[in-house]
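Below are the chains, spelled out letter by letter.
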Amino acid sequence: QVQLVESGGGLVQAGGSLRLSCAASGRTLSTYGVGWFRQAPGKERELVARITSGGDTYYTNSVKGRFTISRDAVQTTVRLQMNSLKPEDTAVYYCAAKRQYSLSYDYWGQGTQVTVSS
């Protein structure tokens, strides 16, 4: 079982930055793919960024050039650096992890609120 805990959310003005962290309790995430998702009120959850166990990354078009996903050196934390934030980035952000060869994400965090004011 993998327990994921997100942190780093908050309130920021448009144009500002936040860094979200996703920590796995008691284990490394080195063999897991990790994704950051977000869900705004009244909208479906969407994948924002993901990083494979090999370090390959993907970003949804709306965040390309503004967000960066990365792993720390000891592979216990995956971070999402969010720059040039916009009001439309306001959502609850979730991290999720999946085992190698899983078709879907196996473990989810509880979410952290990001609010961007205009």
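Residues numbered from 1 in each chain as written. Predicted model: local features only at pLDDT ≥ 70, side-chain atom pairs only at ≥ 80, totals over all residues. Heavy atoms only, no water.

A short note on the pairing of strand E3 (residues 18-24)
Looking along a regular strand, one sees side chains alternate from face to face of the sheet. The buried count for E3 comes to five of seven residues, which makes it a mostly enclosed element. Pairing of strand E1 (residues 4-7) with E3, which is carried by four bridges, proceeds in the antiparallel orientation. The residue of E3 that forms the bridge with Leu4 is Ala24. Where E3 lies against strand E8 (residues 77-82), six bridges are found, and the strand directions are antiparallel. The partner of Leu20 across the bridge, within E8, is Leu80. (Buried < 20%, exposed > 50% of the residue type's maximum accessible area, 1.4 Å probe, protein only. Helix = DSSP H or I, 4+ residues; strand = E, 2+ residues; numbered from the N terminus. Pairing = 2+ DSSP bridges.)

Focus on the sheet that holds E3
Sheet architecture is open: four strands sit in the order E1-E3-E8-E7, paired in antiparallel fashion. Bordering the open sheet on either side are E1 and strand E7 (67-71), each of which pairs with just one other strand. On average, each strand axis in the sheet is tilted by 15 degrees relative to the strand beside it, whichever way the strands run. (Axes fitted to C-alpha atoms, helices over the stretch in contact; angles between N-to-C directions.)

So, the side chain of Ser21
Following the sequence through the fold, Ser21 ends up in strand E3. Ignoring sequence-local partners within four residues, the contact set of Ser21 consists of Val5, Glu6, Ser7, Trp36, Thr77, Val78 and Arg79. (Contact = heavy atoms within 4.5 Å.)

Thoughts on the packing of aromatic side chains
The final tally for this structure, using the stated rule, is four aromatic pairs. Their ring planes at 50 degrees and their centres at 4.8 Å tell us that Phe37 and Trp108 sit as a pair that is tilted. Here Trp108 lies in strand E10 (residues 107-108) and Phe37 lies in strand E4 (residues 32-39), a separation of 71 residues in the sequence. Put simply, the rings of Phe37, Tyr105 and Trp108 pair up and form one aromatic cluster. For the cation-ring pair, Arg45 lies above Phe37, with the distance from its terminal atom to the ring centre recorded as 5.7 Å. Its end group placed over the ring of Tyr105, Lys98 keeps NZ or CZ at 5.3 Å from the ring centre. (Phe/Tyr/Trp six-rings, centres within 6.5 Å; stacked < 30°, edge-to-face > 60°. Lys NZ or Arg CZ within 6 Å of the ring centre and 35° of its normal.)

With respect to unusual backbone geometry
In this structure, Gln75 takes a positive phi of about 65 degrees despite not being glycine. For Gln75, the position within the fold is in the loop between E7 and E8. Unusually for a residue other than glycine, Tyr101 sits at a positive phi of about 80 degrees. Looking at the secondary structure, you find Tyr101 in the loop between strand E9 (91-99) and E10.

A look at the environment of Thr115
For Thr115, the position within the fold is in strand E11 (residues 112-117). For the pair formed by Thr115 and Asp89, sequence separation is 26 residues and the distance between their alpha carbons is 7.5 Å. In this structure Thr115 touches Gly10, Leu11, Val12 and Thr90, once residues within four positions along its chain are discounted. A distance of 3.3 Å separates a polar atom in the side chain of Thr115 from a polar atom in the side chain of Gln113. (Polar contact = N/O pair within 3.5 Å; in protein donor to acceptor, adjacent residues only side chain to side chain.)

A word on the state of the cysteines
Taken as a whole, this structure holds one disulfide when the rule is applied. The partner cysteine of Cys22 in its disulfide is Cys95, sulfur to sulfur 2.1 Å. Handedness here is read from the sign of the S-S torsion; for Cys22 and Cys95, about 65 degrees, the answer is right-handed. Taken together, the residues Cys22 in strand E3 and Cys95 in strand E9 connect sequence positions 73 residues apart. (Disulfide = S-S within 2.5 Å.)

The values reported here are purely geometric and, on their own, carry no functional implication.
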